[in-house]
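# Per-entry structural report
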Amino acid sequence: DAGVTQSPTHLIKTRGQHVTLRCSPISGHKSVSWYQQVLGQGPQFIFQYYEKEERGRGNFPDRFSARQFPNYSSELNVNALLLGDSALYLCASSLERQGLGYGYTFGSGTRLTVV
Amino acid sequence: SQQGEEDPQALSIQEGENATMNCSYKTSINNLQWYRQNSGRGLVHLILIRSNEREKHSGRLRVTLDTSKKSSSLLITASRAADTASYFCATDANPGRRALTFGSGTRLQVQP
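Not measured: the values here are computed from a predicted model. Residue numbers restart at each chain and count upward from 1, following the sequence in its written direction. Chains carry letters and ligands carry numbers; both start at the beginning, A for chains and 1 for ligands, and go up in the order they are written. Local features in this predicted model are restricted to residues whose pLDDT is 70 or higher, and side-chain atom pairs enter the listing and the counts only when it is 80 or higher, whereas totals over whole chains, interfaces and linings include all residues. Side-chain numbers here rest on the full set of heavy atoms in the structure, without hydrogens or water.

### Regarding the overall build of chain B
Short version of the rule: Where helices and strands are cited, they refer to DSSP runs of H or I of at least four residues and of E of at least two residues respectively, numbered from the N terminus. Note that the radius of gyration is over C-alpha atoms, with the globule rule given as 2.2 Å times the number of residues to the power 0.38. Only protein chains enter the accessibility calculation, which uses a 1.4 Å probe; a residue whose area is less than 20% of its type maximum is buried, one above 50% is exposed, and one in between is partly exposed. Any pair of residues with heavy atoms lying within 4.5 Å of one another is described as a contacting pair. Under the convention used here, a 1.4 Å probe and the Shrake-Rupley method define accessible areas, while residue burial counts only the protein chains that appear. The charge count treats Lys and Arg as positive and Asp and Glu as negative. His and the chain ends do not count. Every charge is mapped onto a representative atom, which is NZ of Lys, CZ of Arg, CG of Asp or CD of Glu.
Along chain B, the regular secondary structure elements total 0 helices and 11 strands. Taken from the N to the C terminus, the helices and strands of chain B come in the order β-β-β-β-β-β-β-β-β-β-β. The C-alpha atoms of chain B give 13 Å as radius of gyration, which agrees with the globular expectation for 112 residues (13 Å, within 12%). With the C-alpha coordinates aligned to their principal axes, the bounding extent of chain B is approximately 45 × 25 × 20 Å. Of all 112 residues assigned to chain B, the portion counted as buried reaches 46%. In chain B, 56% of the contacts between residues at least 6 apart in sequence involve partners at least 24 apart. For chain B, the exposed surface amounts to about 5,200 Å²; the carbon and sulfur share of it is 44%. Across chain B, 14 positive and 10 negative side-chain charges occur, with their mean positions spaced 6 Å apart.

Okay, structure coming up:
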């Protein structure tokens, strides 16, 4: 079985541009979460989606948005990119909404560089 | 904000030695999880311990949880060069914040 797949793996964007990151969860996982990891820090929670509905949102500006599709894949969109948005963006899937009793399976991430 | 704080921030040991990493957190939790990350890649789930558990083992890993002190430790026994990575604790809080809150991580270097 394929793990969590993210695309693209690397991306370079200019300040002010828009970016869309994509994630396909493990088959059967209905929960998808997005995390931002700035170099040298632990991941920070951005969003969680379960059954196509937003179930949790972290402390990120409205420039960040996401959605989940009927096949449970997900997109993270970031508008008006800032230099500080440069980070590794991680997608995680789990069986349950809160991952109770289960760990999360993470993808390899998308490395976004804003110049 | 980071809920968990790992200690030490960096650890260098020789192959065969044991490595112990500690994690402290601030709020009540459903469970606490440990993850490994190699060179800025995706995180790999290592072990999950529930709030009503005190100790858990998985292969060469031993995790303890002390909810009264809001702390956890990860012990890697008989370390190998392949264990070189960053290790993060993450809390799944109680109640209802549907997110993992990660610490800042411990960078472990195992010298061959």
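### A short note on the sheet that holds strand β7 (residues 61–66) of chain B
By definition, the strands of a sheet pair up through backbone hydrogen bonds, in either a parallel or an antiparallel sense. All names here are of chain B. So the rule is basically this: Whether two strands pair comes down to DSSP finding at least two bridges between them. Helix axes are fitted to C-alpha atoms over the stretch in contact, other axes to C-alpha atoms as well, and angles between N-to-C directions run from 0 to 180 degrees.
Read across the open sheet, the 5 strands follow the order β1-β3-β8-β7-β6; overall the sheet is antiparallel. Among the strands making up the open sheet, the edge pair consists of β1 (5–7) and β6 (55–58). Averaged over all adjacent pairs, the angle separating strand axes in this sheet is 15°, with direction ignored. Across 3 bridges, the pairing between β1 and strand β3 (residues 19–24) is antiparallel. If you follow Glu6 over to β3, its bridge partner there is Cys23.

### Focus on the nonpolar core
Rule in force here: Each nonpolar core is a collection of buried residues, namely Ala, Val, Leu, Ile, Met, Phe, Trp, Tyr and Cys, held together in the definition by side-chain atoms within 4.5 Å.
Counting residues in hydrophobic clusters, the biggest one holds 22 residues, and the most contacted among them are A:Trp34, A:Ile46, A:Leu76 and A:Tyr89. Counting only elements with at least two residues in this core, the list comes to β3 (19–24), β4 (31–37), β5 (44–50), β7 (64–68), β8 (74–78), β9 (87–94) and β11 (110–114) of chain A. Setting aside anything within four residues of it in sequence, one finds A:Ile46 in contact with A:Trp34, A:Tyr35, A:Gln36, A:Gly56, A:Arg57, A:Gly58, A:Phe60, A:Phe64, A:Leu76 and A:Tyr89. Formed by 21 residues, the second largest nonpolar core is a distinct cluster that contains B:Leu32, B:Leu46, B:Ile47 and B:Val63.

### Examining the pairing of strand β6 (residues 53–57) of chain A
Residue and element names in this part refer to chain A. Pairing analysis gives 4 bridges linking β5 to β6, with the strands arranged antiparallel. Each bridged residue has a counterpart across the sheet, and for Tyr50 the counterpart in β6 is Glu53. Where β5 folds back onto β6 in an antiparallel hairpin, the turn is made up of 2 residues, including Glu51, whose phi is positive at roughly 50°.

### Considering the layout of surface pockets
Cut-off, in case you're wondering: A cavity, in this analysis, means grid points on a 1 Å lattice covering only the protein atoms where a 1.4 Å probe fits yet has no way out; a pocket is instead an open set bounded by protein on both sides within 12 Å along at least five of seven lines, and a residue lines either one if it has an atom within 4 Å of a point. Grid points are joined across faces, edges and corners, and a volume is the space filled by probe spheres set on the points. Each residue is assigned to one of three groups, with Ala, Val, Leu, Ile, Met, Phe, Trp, Tyr, Cys and Pro labelled nonpolar, Asp, Glu, Lys and Arg labelled charged, and all others, Gly among them, labelled polar.
Here the largest pocket defines a volume of roughly 380 Å³. Its residues placed into classes, the lining of the largest pocket shows 6 nonpolar, 13 polar and 2 charged.

### Some details on the pattern of salt bridges
Two side chains bearing opposite charge may form a pair once their charged atoms approach each other closely. The condition is simple: What counts as a salt bridge is simple: a side-chain nitrogen of Lys or Arg found within 4 Å of a carboxyl oxygen of Asp or Glu.
Summed over all chains, the structure comprises 9 salt bridges over all chains. For B:Glu53, the salt bridge goes to B:Lys56, with nearest N and O atoms at 3.9 Å. We classify B:Glu53 as partly exposed; its relative accessible area is 22%. The partner of B:Asp83 in a salt bridge is B:Arg60, with the nearest N and O atoms 2.9 Å apart. Residue B:Asp83 is found in the loop between β8 (71–76) and β9 (85–93), and its partner B:Arg60 is found in the loop between β6 and β7; the two are separated by 23 residues along the sequence. Connected via shared salt-bridge partners are A:Arg22, A:Arg67 and A:Glu75.

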